[in-house]
Amino acid sequence: WEKVSPAPLISGKPRWTLINGIGRGIPPDSAAPAPPSDLAIINVTQNKRYRFRLVGMSCEAAFNFRIDNHTMHIIEADGEYVNPVRVDSVWIHAGQRYSVVVKADQPPLNYWIRAGPLKGYEGFDNGRNSAILHYLEAAEKVEYNGTVINGVKDDTFRSLHPLAEERLIAPSTHFIPARVLGEPYRTIEINQTWDQGVKQFLINDQTFNLSANFSVLLQMLRGEYTEDSLKGVVTLESDRVYELRIRGVQQGQPHPLHLHGQSFYVIKTIDAVERNLKNPPLRDTVDTGADGDTTIIRFVTDNPGPWFFHCHIDWHLDLGLAVVFAVDPKLTAEVQSNQLGNSQQVCDAYGAFNGDDALLEAIHTGGK
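The present account deals with the structure reproduced in this document. Note that the structure is predicted; figures quoted are calculated from it, not measured.

**Describing the nonpolar core**
Core analysis: the biggest nonpolar cluster contains 30 residues, and Leu54, Phe65, Ile74, Val90, Tyr98, Leu133 and Leu163 have the highest contact counts within it. Elements that contribute at least two residues to this core include exactly strand S2 (49-55), strand S3 (63-67), strand S4 (72-77), strand S5 (80-87), strand S6 (90-92), strand S7 (97-103), strand S8 (110-117) and strand S9 (130-135). Core analysis: the next-biggest nonpolar cluster, separate from the first, contains 26 residues, Phe201, Tyr242, Phe309 and Phe325 among them.

**A few points about the environment of Asn204**
Along the chain, Asn204 turns up in the loop between strand S13 (200-203) and helix H2 (216-222). Between the C-alpha atom of Asn204 and that of Asn191, which follows or precedes it by 13 residues, the distance is 5.1 Å. If we skip the residues at most four places from it in the chain, Asn204 touches Glu189, Ile190 and Asn191. Within the local environment of Asn204, its side chain forms a polar contact with the backbone oxygen of Glu189, the two atoms lying 2.8 Å apart. For Asn204, the side chain forms a polar contact with the main-chain nitrogen of Asn191, separated by 2.8 Å.

**A few points about unusual backbone geometry**
Glycine aside, a negative phi is what most residues show, and trans is what most peptide bonds show. A cis amide bond, omega 0 degrees, links Gln253 with the succeeding residue Pro254. Mapped onto the fold, Pro254 is located in the loop between strand S15 (241-247) and strand S16 (256-259). The phi angle at Asn47 is positive, at roughly 75 degrees, despite the residue not being glycine. Summarising the element assignment, Asn47 is placed in the loop between strand S1 (41-44) and S2.

**Looking at the pattern of salt bridges**
Counted under the stated rule, the structure contains 13 salt bridges. Here Glu60 and Lys119 are joined by a salt bridge, their closest N and O atoms 3.4 Å apart. Within this pair, whereas Glu60 is found in the loop between S2 and S3, its partner Lys119 is found in the loop between S8 and S9, the two being separated by 59 residues in sequence. Its relative accessible area of 9% is what places Glu60 among the buried residues. One continuous salt-bridge network, built from bridges that share partners, spans Asp78, Arg97, Glu165, Arg283 and Asp284.

**Thoughts on the sheet that holds S7**
With antiparallel pairing, the four strands of this open sheet are ordered in space as S2-S7-S4-S5. Each edge of the open sheet carries a strand with a single partner, namely S2 and S5. Geometrically, the sheet is characterised by an average inter-axis angle of 25 degrees between neighbouring strands, direction not taken into account. Relative to S5, S4 runs antiparallel, the two being bridged by five bridges. The residue bridging Glu76 from the neighbouring strand is Tyr81, located in S5.

**Details of the sheet that holds strand S14 (residues 233-236)**
Read from one edge of the open sheet, five strands run S14-S22-S21-S16-S19, paired in mixed fashion. Two strands in the sheet have a free side with no partner beyond their single neighbour: S14 and strand S19 (285-287). Taken over all neighbouring pairs, the strand axes of this sheet differ in orientation by 20 degrees on average, direction set aside. When S16 meets S19, the two strands line up antiparallel, connected through three bridges. Across the sheet, residue Leu257 finds its bridge partner in S19, namely Val286.

**Side note on the side chain of Ser89**
Following the sequence through the fold, Ser89 ends up in the loop between S5 and S6. Relative accessible area serves as the criterion here: at 1%, Ser89 is assigned to the buried category. Leaving out residues up to four positions away in the same chain, Ser89 has contacts with Asn64, Phe65, Arg66, Met72, Ser159, His161, Pro162 and Leu163.

**Things to note about helix H4 (residues 329-336)**
Within the sequence span of H4, burial applies to Pro329, Thr332 and Ala333. Looking down the long axis of H4, one finds its buried residues gathered within 100 degrees of arc, a one-sided arrangement. In H4, the exposed residues that point more than 90 degrees away from the buried face are Lys330 and Glu334. Structurally, H4 contributes buried residues whose contacts are with H2, S14, strand S21 (305-311) and strand S22 (322-327).

Criteria and thresholds
Residues numbered from 1 in each chain as written. Predicted model: local features only at pLDDT ≥ 70, side-chain atom pairs only at ≥ 80, totals over all residues. Heavy atoms only, no water. Core = buried A, V, L, I, M, F, W, Y, C linked by side-chain atoms within 4.5 Å. Buried < 20%, exposed > 50% of the residue type's maximum accessible area, 1.4 Å probe, protein only. Helix = DSSP H or I, 4+ residues; strand = E, 2+ residues; numbered from the N terminus. Contact = heavy atoms within 4.5 Å. Polar contact = N/O pair within 3.5 Å; in protein donor to acceptor, adjacent residues only side chain to side chain. Salt bridge = Lys/Arg side-chain N within 4 Å of Asp/Glu carboxyl O. Pairing = 2+ DSSP bridges. Axes fitted to C-alpha atoms, helices over the stretch in contact; angles between N-to-C directions. Arc of directions from axis to C-beta.

Structure (structure tokens):
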């Protein structure tokens, strides 16, 4: 970024996949493999079970996660328990999280952990996009020779039981309010499109502008909020069930959309034919696919405030792929007004922000 004329965020081709902060990739301006560097090593004891917490921390790329010769049982998605699902690979989109249980029930050797990127440099040569599952009882040390581990070549793995997200359902012990499964109070169409002329994403023909002087919460607190005065904001009533029917967009797909403020019920994923009105899972980030795909979610507006609903790919957010749901502006002001403190002064300073030094000064002087 530059101070005066900031350049737009654009997508590059990721060269490195990091697992627990380390990994190997392709050096800039070269197709040659990177010099060998450390790979993440996960130590396990034979016949014990382990919970792996998988987090999609990328700015863009989705990753296909798997462990050679091992199956995984998904037990949680985005902080919400799901009925266990047996898989041998799972796609993790930016912002998504999963917990998988893995039993170390294979011969005590070393096995590849793979995270193949959807966008980036595919393949596993020279240890790219990889980590190592190491059995502590293994006779051989973890030493990587560039092509083979346990005599298995890097490209021989084939997933036979990948996760289809429609298989994720709520546990039988999870209470789902009857009104969530009935007719929603209101259905809102979310049509994602791309305008090649201005090179912006749009939701319902409106691109979201992250301007410096834009604060939905501050307008709520000041009693100045009106939906007509703001673009990319939708007003919702408190304590209602809303359904979003989300249409995918081809440009830059797939788009993982994330909702702040509450989790939502996934009624239909892009790989499902029918809606799930029996035991839909809760989560907060969902893949909305590409042209022709439809995702349906429902949520209860039981948390007043302005809540962001946006693509979790950083530059797609910068290019307008977002909307704000303003849940009960009046109640928000009543609940939050006693916590306003000096935030109004800070927000005023932020609205007048013209550089890093100005913002730092505003913060250090209490927003004055």
